[in-house]
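Secondary and tertiary structure notes
So you can see what is in the structure, the chains are spelled out below.
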Amino acid sequence: MNERDADLSADISEALFEEAVLWHGRLRDSSAFQGRSEAVVAEFESWLEQSSAHQAAYREVELLWGKLELPVKRIWRAQMQVSQGISTTQPGKSKSAHQKHWSWRRAVAVVAVIMLCVVTGHYFKNDVEHYFNPDLYITAQQPTTRTLPDGSKVMMNVQSRLEIAFSADKRLVKLQEGEVWFDVAHNAQKPFVVETPLGNITVLGTRFNVRKTADAVFVSLVKGKVELRDTATSQLPATVLAPGMEAGLTRHGVGAVHPFDVFATTAWQKDQLVFYDSPVSEVVNELNRYYRGKIVIANSRLRDLHISGVFQTDNIDRVLGAIENTLSVRVIRVTDYLVFLVWQDDA
């Protein structure tokens, strides 16, 4: 920031800064949809052109947001000072130090408002998509059980998307995201097919779990028989799973078939999370599916620490407490929608 920007930043009122935060959150929310609305962008540009102070306020919000994860310790200390009522204009404190304190207090405001915009915008997007496509089932932060037209039952985990596309000769469902438990009604004349981006799962009547991750789709069979056919090597014979076995569909083919832990795989159906010597990075990824905001690992060396335990999905704070009590980790709650995990020596 140059001297002119610094002078303008000092003149930005709290009201104007809050307007800039709201605009930043609104534009970030719009980008989650298929392109930004021309009307919204035009309205924003009109607001931005009102004065140089408007432009400086928006630049400051962008700067704070872009660098937010680096100075976690300073954000937390600023929040603690505000919550404890410590004066920001102590005797002898320089003007630059005063501005610096308010800069980080503003950072906390940026996080709170933008995280709220992102979370509520995500729910709104789900509602809109389901309205225009009633065959698209979407879950947010609560598992949902549904009965399909053929009598089959599906239980969808949080953050999951499943499209129903039944026809006269086929029972087709498309797993777009997340995890679903299937209890398929038997019908030898109409195969039940689960379509995924990495391959298909064909069944006649069975009970199995399907979990889609960023790199694979894992199929875990409890009862019956399923066939796995990936998109990469579709010319090869299908891989057949027997009860108690699991395999993954990947971009390179079907992975090795192996036994799986039924308790751990189906724990989510009982509102539980099970971790066996799991790295913190994997645990946090799973927690973020249930948490109403965002949990951020601020130090890369924390990712490979390991933790074990069985936890309730409706008590994420207990999991965070276990991480803090058993590892060299400090949990910093910046807002109700943002939590940082930092190395204890850095907090």
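In this text, all values refer to a predicted model and were calculated from it rather than measured experimentally. (Residues numbered from 1 in each chain as written. Predicted model: local features only at pLDDT ≥ 70, side-chain atom pairs only at ≥ 80, totals over all residues. Heavy atoms only, no water.)

Some points on the overall build of the protein
A tally of helices and strands in the protein yields nine helices and 19 strands. The long-range share in the protein, meaning contacts at least 24 apart out of those at least 6 apart in sequence, stands at 51%. Summed over its atoms, the accessible surface of the protein is roughly 17900 Å², and 50% of this surface lies on carbon and sulfur atoms. (Helix = DSSP H or I, 4+ residues; strand = E, 2+ residues; numbered from the N terminus. Contact = heavy atoms within 4.5 Å. Areas by Shrake-Rupley, 256 points an atom, 1.4 Å probe, with all protein chains shown as cover.)

Let's talk about the nonpolar core
In this structure, Val283, Leu287, Ile295, Ile316, Leu320, Val339 and Leu341 are the most contacted members of the largest nonpolar core, which totals 28 residues. If you list the elements that add at least two residues to this core, you get strand E15 (272-279), helix H8 (280-290), strand E16 (294-297), strand E17 (306-312), helix H9 (316-326), strand E18 (329-335) and strand E19 (338-343). (Core = buried A, V, L, I, M, F, W, Y, C linked by side-chain atoms within 4.5 Å. Buried < 20%, exposed > 50% of the residue type's maximum accessible area, 1.4 Å probe, protein only.)

What to know about H8
Of all eleven residues making up H8, nine are buried, and the element is well covered by its neighbours. Every buried residue of H8 is listed here: Val280, Ser281, Val283, Val284, Glu286, Leu287, Asn288, Arg289 and Tyr290.

Some words on a nonpolar patch on the surface
Among the surface-exposed residues, Phe263, Tyr276 and Val310 lie close enough to one another that they form a single nonpolar patch of about 280 Å² accessible area. Assessed through its relative accessible area of 37%, Val310 is described here as partly exposed. (Patch = residues over 30% accessible without salt bridge, like charges linked within 9 Å, V, L, I, M, F, W, Y side chains within 5 Å. Salt bridge = Lys/Arg side-chain N within 4 Å of Asp/Glu carboxyl O.)

Examining the pairing of strand E2 (residues 144-147)
Note that E2 and strand E3 (residues 153-156) share four bridges and pair antiparallel. Counterpart to Thr144 in the pairing with E3 is Met156. If you look at the hairpin formed by E2 and E3, you'll find five residues sitting between the two strands, and Gly151 has a positive phi there, around 95 degrees. (Pairing = 2+ DSSP bridges.)

Side note on the pattern of salt bridges
Going through the model one piece at a time under the given rule, you end up with nine salt bridges. Notably, a salt bridge pairs Arg211 with Glu179, separated by 3.0 Å at the nearest N-O pair. Of this pair, Arg211 sits in strand E8 (residues 207-212) while Glu179 sits in strand E5 (residues 171-183), placing them 32 residues apart in sequence. The class of Arg211 is partly exposed, set by a relative accessible area of 24%. Note on Glu179: relative accessible area 4%, which makes it buried. The partner of Glu324 in a salt bridge is Arg330, and the shortest N-O contact between them spans 3.7 Å. Residue classification places Glu324 among the partly exposed residues on the basis of a relative accessible area of 26%. Sharing partners across several salt bridges, the network here consists of Glu179, Arg211, Glu286 and Arg289.

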